[in-house]
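Here is what each chain is made of, one letter per residue.
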Amino acid sequence: MKISLRTLALAGSLLAASLAGAPVQAAELHVLISGGFSAAYEKLGPQFTAATGNTLVTEHGPSMGKSAEAIPNRLARHEPADVVIMVGYALDDLIKQGQVGKDSRVELADSPIGMVVRQGHPKPDISTVAALRKTLLDAKSIAYSDSASGVYIEKEMFKKLGIEDQVKSKATMVPKIPVASQVANGKYEVGFQQVAELLPVPGVTFVGKVPAEVQSITRFAGGVPAASSHPKEAAELLRFLASAQAQPTVKQTGLDPVPGKK
């Protein structure tokens, strides 16, 4: 019996030593992200993976809305999620509901609204409020997204321009898919969305940003869902995306750094 006990004790010690020396297994992080920060994320994500060994499984969807792909609806279905990256005020709603940790919130970038036309078509003037108003009144059709920028355009910008009634019949909110893709195929004459979502789409010409007087800046932020399986690694990803190292890529993709970051 004594030999047996010593043998078991030795085996236990060897197992403990083996586990202590074993490399830490990389985490597989499930990321839910809306369009505005996607271009920057797609460039920065591989850098994070190379540096940490953690892999990223990404699902795209709007920050709000009724579509099944919308991030709040994905969370409501209990889809796997370690990180959410979305419009800041929509993230705040999830924090209030207890679905995302309040202390996990990280501000990532600011996103202005811009306009595109189909490639090869003349670029209209939108450099001033008066020019933008004329361009929209002259346009045969207008498209905008079903996320933060589109809600602002439909509910506020048209009113500020004094053309709400005149454009109502020719303005359309486009759900789920990039607005620029619908302009590229000729379905709409002009399209509005956040600049970072317009620039990556082929077949369109970027006209410019909406004038400052009627502009709306969307703050993008990230957080860690309460049900995250890898909260530590998720927080590391968000810190990296907000870091000074990431800011050149953030700027290149049409976003503006959060004030105070360079």
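Going by the structure above, here's the rest.
Residues numbered from 1 in each chain as written. Predicted model: local features only at pLDDT ≥ 70, side-chain atom pairs only at ≥ 80, totals over all residues. Heavy atoms only, no water.

*Asks:* Help me out: how do you make sense of the overall build of the protein in this one?
*Replies:* Counting its regular elements, the protein contains 11 helices and 10 strands. On C-alpha atoms alone, the protein measures out to a radius of gyration of 23 Å, which is more than a quarter above the 18 Å that the 2.2 N^0.38 rule sets for 262 residues. Principal-axis analysis of the C-alpha atoms gives the protein an extent of 95 × 35 × 35 Å. The burial tally for the protein puts 48% of its 262 residues in the buried class. Long-range pairs, those at least 24 residues apart, make up 74% of the contacts in the protein with a sequence separation of at least 6. Looking at the protein, you have 28 positive and 24 negative side-chain charges, and the mean spots of the two groups are 2 Å apart. (Helix = DSSP H or I, 4+ residues; strand = E, 2+ residues; numbered from the N terminus. Rg over C-alpha atoms; globule rule 2.2 N^0.38 Å. Buried < 20%, exposed > 50% of the residue type's maximum accessible area, 1.4 Å probe, protein only. Contact = heavy atoms within 4.5 Å. Lys, Arg positive; Asp, Glu negative; His and termini not counted. Charge placed at Lys NZ, Arg CZ, Asp CG, Glu CD.)

*Asks:* Even after reading the chapter, I still don't get the sheet that holds strand S3 (residues 83-87), so can you show me in this structure?
*Replies:* Here 5 strands make up an open sheet; going across it, the order is S2-S1-S3-S10-S4 and the pairing mixed. Two strands close off the open sheet at either side, each with one partner strand: strand S2 (55-60) and strand S4 (106-111). Each neighbouring strand pair of the sheet contributes to a mean axis angle of 20 degrees, computed without reference to strand direction. The sheet contacts of helix H4 (residues 88-96) involve S3 and strand S10 (218-223), and relative to S3 the element is tilted by about 130 degrees. (Pairing = 2+ DSSP bridges. Axes fitted to C-alpha atoms, helices over the stretch in contact; angles between N-to-C directions.)

*Asks:* I'm lost on the nonpolar core in this one. Help?
*Replies:* Soluble globular proteins tend to pack their nonpolar side chains together in the buried interior. With 41 residues, the main nonpolar core has Phe37, Val84, Ile85 and Leu241 as its most contacted residues. The contact partners of Phe37, leaving out residues within four places of it in the chain, are Ile85, Leu108, Ala109, Phe220, Leu241, Val250 and Leu255. Counting 23 residues, the second-largest nonpolar core is a separate cluster that includes Met115, Leu136, Val207 and Val210. (Core = buried A, V, L, I, M, F, W, Y, C linked by side-chain atoms within 4.5 Å.)

*Asks:* Would you explain the packing of helix H2 (residues 38-52) against helix H10 (residues 231-241) in this entry?
*Replies:* Packed helices, taken two at a time, are described by the angle their axes make and the gap between the axes. Between H2 and H10, the least distance of the axes is 10 Å, while the angle of their chain directions is 125 degrees. Taken together, H2 and H10 sit at an angle that is classed as oblique. Here the hand of the crossing between H2 and H10 comes out right-handed. On H10, the residues that touch Tyr41, Leu44, Gln47 and Phe48 of H2 are Glu233, Glu236, Leu237, Phe240 and Leu241. Along the lines of polarity and charge, the residues of the contact of H2 with H10 split into 6 nonpolar, 1 polar and 2 charged. (Parallel < 35°, antiparallel > 145°, perpendicular 65-115°, else oblique. Left-handed = near helix turned anticlockwise from the far one by under 90°. Nonpolar A, V, L, I, M, F, W, Y, C, P; charged D, E, K, R; others polar.)

*Asks:* Got a minute to help me understand the pairing of strand S6 (residues 142-145) in this structure?
*Replies:* Sheet faces and side chains relate simply in a regular strand, where the side chains alternate between the two faces. Residues Ile142 and Tyr144 of S6 are buried on one face, and the alternating residues Ala143 and Ser145, pointing to the opposite face, are buried as well. Judged from the 4 bridges that link them, S6 and strand S7 (residues 171-174) form a sheet pairing that is parallel. Paired with Ser145 across the strands is Val174, a residue of S7. Pairing analysis gives 3 bridges linking S6 to strand S8 (residues 190-194), with the strands arranged parallel. Opposite Ile142, over in S8, you have Val190 as the bridge partner.

*Asks:* Explain the pattern of salt bridges here, please?
*Replies:* Two side chains bearing opposite charge may form a pair once their charged atoms approach each other closely. Under the defined criterion, the tally for this structure stands at 10 salt bridges. Between Arg105 and Glu107 there is a salt bridge whose closest N-O contact spans 3.2 Å. Taking relative accessible area as the criterion, Arg105 reaches 25% and is therefore assigned partly exposed. A residue is classified by how much of its surface remains accessible, and Glu107, at 32% relative accessible area, is partly exposed. Ionic pairing is found between Arg219 and Glu107, a salt bridge with its closest N-O pair at 2.8 Å. Highlighted residues: Arg219 in strand S10 and Glu107 in strand S4, separated in sequence by 112 residues. Where salt bridges share partners, they join Asp92, Arg105, Glu107, Asp110 and Arg219 into one cluster. (Salt bridge = Lys/Arg side-chain N within 4 Å of Asp/Glu carboxyl O.)

*Asks:* Please explain the environment of Ser38 as it appears in this structure.
*Replies:* Mapping Ser38 onto the fold places it in helix H2. Counting along the chain gives 171 residues from Ser38 to Lys209, while the straight-line C-alpha distance between them is 19 Å. Ignoring sequence-local partners within four residues, the contact set of Ser38 consists of Ile33 and His60. In this structure the side chain of Ser38 is engaged in a polar contact, spanning 3.4 Å, whose partner is the side chain of His60. (Polar contact = N/O pair within 3.5 Å; in protein donor to acceptor, adjacent residues only side chain to side chain.)

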